[in-house]
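Listed below, chain by chain, are the residues.
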Amino acid sequence: MGELNASPFGSLPVPDTCPDDLALLIYTSGSTGRPKGVMLDHANLAAMAASIGEATKLGPDDSCLLVLPLFHVNAILVSCLAPMMAGAQVTILPRFGPDTFLAAVSKYRATYFSAVPAIYARLAELPAEQLGDTSSVRFAVCGAAPVSKELLCRSGSRFGFPIIEGYGLTEGTCASTINPLGGERKPGTVGVALPGQRVATMRPDGSLAAAGEPGEVVIKGPNVMRGYLGLPEATAEAVRGEGEVGGGWLHTGDVGVLDDDGYLTIVDRIKDMIIRGGENIYPKEIESVLARHDAVLRAAVIGVPHEIYGEVPVAYVATYPGASVTVDDLQALCRANLTKIKIPTAIHIVAELPRNAVGKIDKPALRASSR
């Protein structure tokens, strides 16, 4: 077998593609139903890469360390296409390990990386002597799944670089909001709309909600998908126009609140909402309270059937290695911070919470195990 060419020669043909040609078919994680094939065209990808590059000021001096699986749109766009379009370096790791990852950060002088909350949780478990040299990193991105404010603050102070939380969907070509890198960052929020996009909250009647008013998060921009493969009815349900302000909004299925400055706080998934005796309970509120305990690494709350109330909240908690907490401790924390109907009827302390392929807590699996 001959040697590979080490220097370029000849010229590449002009790409025979159009902006509206299909570029990627990415399947949703299936965390709230059967996975659907999201069709993204070249225009979607170009808009998203440019939006990420502008928001994070990517340039030729940057070096991205890619550790997320390449079947995920976050890895493809935030960690691969966006830096490549900015002329930056991309280093792909074969797998994630807390100690080997930090060694790679030092070796390749990474200036940024994007990861899911589960990775930051693993890094937060490391003893101080294993942190290594992370002085090259100017920021890190946390996305793909909800993260507690406590874990973000703990990770940021430990490593000495800002961890900016973002929010988005595969249907929106990955990201739609991010906490500003050069502006005010509000922990507990997922930031403001990325350049070129509009993010709003919507009432059930299709009108836009006011600042401070909960509503379904909706997104508009050149990043919105072409549709679901072979599912025209699901596409029409997700991207609607008639009867809504301006039309063409991508409906996310998430409940959120925008403040006066345009910072978005995710309340919860609409489908995860628990209805207890006619009262709406959002699991994320309970999970956020449980995460305040220093021993709690991850928390998940689901609704389980109840013969009188219909549903009641039940919590599952995983702790940091070596940390100790009792159910009574956690119940006391909930009683001090939640109204009576929101206090979990049971709290289970487990070794680990089930996660799907992209690192999200697998609530369908928890619901199945609780039956």
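Residues numbered from 1 in each chain as written. Predicted model: local features only at pLDDT ≥ 70, side-chain atom pairs only at ≥ 80, totals over all residues. Heavy atoms only, no water.

Undergrad: Any chance you could explain the packing of helix 1 (residues 42-56) against helix 2 (residues 73-85) here in plain terms?
TA: It is at 9 Å that the axes of helix 1 and helix 2 come closest, and there the two elements cross at 85°. One finds that helix 1 runs roughly perpendicular with respect to helix 2. Between helix 1 and helix 2, the contacting residues are L45, M48, A49 and I52 on the first element and L77, V78, L81, A82 and M85 on the second. Tallied by class, the residues present in the contact of helix 1 with helix 2 amount to 9 nonpolar, no polar and no charged. (Axes fitted to C-alpha atoms, helices over the stretch in contact; angles between N-to-C directions. Helix = DSSP H or I, 4+ residues; strand = E, 2+ residues; numbered from the N terminus. Parallel < 35°, antiparallel > 145°, perpendicular 65-115°, else oblique. Contact = heavy atoms within 4.5 Å. Nonpolar A, V, L, I, M, F, W, Y, C, P; charged D, E, K, R; others polar.)

Undergrad: Even after reading the chapter, I still don't get the pattern of salt bridges, so can you show me in this structure?
TA: Think of it this way: side chains of opposite charge can pair up when their charged atoms draw near. Under the criterion given, the structure shown has 10 salt bridges. Note that D62 is salt-bridged to R138, the shortest N-O span being 2.9 Å. In this pair, D62 is assigned in the loop between helix 1 and strand 3 (63-66) and R138 in the loop between helix 4 (117-124) and strand 6 (139-142), connecting sequence segments 76 residues apart. Residue R138 is classed as partly exposed on the basis of its relative accessible area of 29%. Between K186 and D261 there is a salt bridge whose closest N-O contact spans 2.9 Å. Taken as a pair, K186 in the loop between strand 8 (177-178) and strand 9 (192-193) and D261 in the loop between strand 14 (249-258) and strand 15 (264-269) lie far apart in primary sequence, 75 residues in all. Classification of D261 as exposed rests on a relative accessible area of 52%. (Salt bridge = Lys/Arg side-chain N within 4 Å of Asp/Glu carboxyl O. Buried < 20%, exposed > 50% of the residue type's maximum accessible area, 1.4 Å probe, protein only.)

Undergrad: Help me understand the packing of aromatic side chains in this model?
TA: The description of an aromatic ring pair uses the distance of the two centres, along with the angle that the planes make with each other. Inspection of the entire model under this criterion finds 6 aromatic pairs. Between F101 and F113, the ring centres sit 4.9 Å apart and the planes meet at 85°, which makes this aromatic pair edge-to-face. Highlighted residues: F101 in helix 3 (residues 98-107) and F113 in strand 5 (residues 112-115), separated in sequence by 12 residues. Accessibility expressed as a relative area gives 1% for F101, which makes it buried. Given the relative accessible area of 2%, F113 is considered buried. (Phe/Tyr/Trp six-rings, centres within 6.5 Å; stacked < 30°, edge-to-face > 60°.)

Undergrad: Could you clarify how one ought to interpret the sheet that holds strand 12 (residues 227-228) in this entry?
TA: Hydrogen bonds between backbone atoms are what pair the strands of a sheet, whose relative direction is either parallel or antiparallel. With antiparallel pairing, 3 strands are arranged side by side in an open sheet as 1-2-12. Since the sheet does not close on itself, it has two edges, and those belong to strand 1 (22-27) and strand 12, each with one partner. Pairing analysis gives 5 bridges linking strand 1 to strand 2 (residues 37-41), with the strands arranged antiparallel. Note on strand 2: the bridge partner recorded for L24 is L40. Of the strands in this sheet, strand 1 and strand 2 are in contact with helix 1, which crosses strand 2 at around 75°. (Pairing = 2+ DSSP bridges.)

Undergrad: Is there a simple way to think about the pairing of strand 2 in this case?
TA: Remark: a regular strand shows side chains that alternate across the two faces of the sheet. The element strand 2 is extensively covered by neighbouring structure, given that 5 of its 5 residues are classed as buried. The alternating pattern of strand 2 places G37, M39 and D41 on one face and V38 and L40 on the opposite face, and all of these are buried. Where strand 2 and strand 12 come together, 2 bridges link them in antiparallel fashion. Bridge pairing in strand 12 places V38 opposite Y228.

Undergrad: Even after reading the chapter, I still don't get the nonpolar core, so can you show me in this structure?
TA: Soluble globular proteins: nonpolar side chains tend toward being buried together. If you look at the biggest cluster of nonpolar residues, it comprises 39 residues, and the most contacted ones within it are L40, I52, L77, Y167 and L264. Not counting chain neighbours up to four residues away, the residues in contact with I52 comprise L58, V78, A82, A175 and L194. Ranked by size, the runner-up nonpolar core spans 33 residues in total, among them C142, L152, F159 and L297. (Core = buried A, V, L, I, M, F, W, Y, C linked by side-chain atoms within 4.5 Å.)

Undergrad: Looking at this structure, how should I read the sheet that holds strand 19 (residues 310-319)?
TA: The strand order across the open sheet built from 3 strands is 18-19-20, with neighbouring strands paired in mixed fashion. The sheet is open, and its two borders are formed by strand 18 (296-306) and strand 20 (346-350), each paired with just one other strand. Adjacent strand axes in the sheet meet at a mean angle of 25°, parallel and antiparallel pairs treated alike. Taken together, the 5 bridges between strand 19 and strand 20 define a ladder with parallel strand orientation. Counterpart to A318 in the pairing with strand 20 is V350. Sitting on the sheet, helix 7 (residues 283-290) is in contact with strand 18, strand 19 and strand 20, with an inclination near 145° to strand 18. Sitting on the sheet, helix 8 (residues 327-337) is in contact with strand 18, strand 19 and strand 20, with an inclination near 130° to strand 20.

As far as function goes, none of this settles anything; it's purely spatial.
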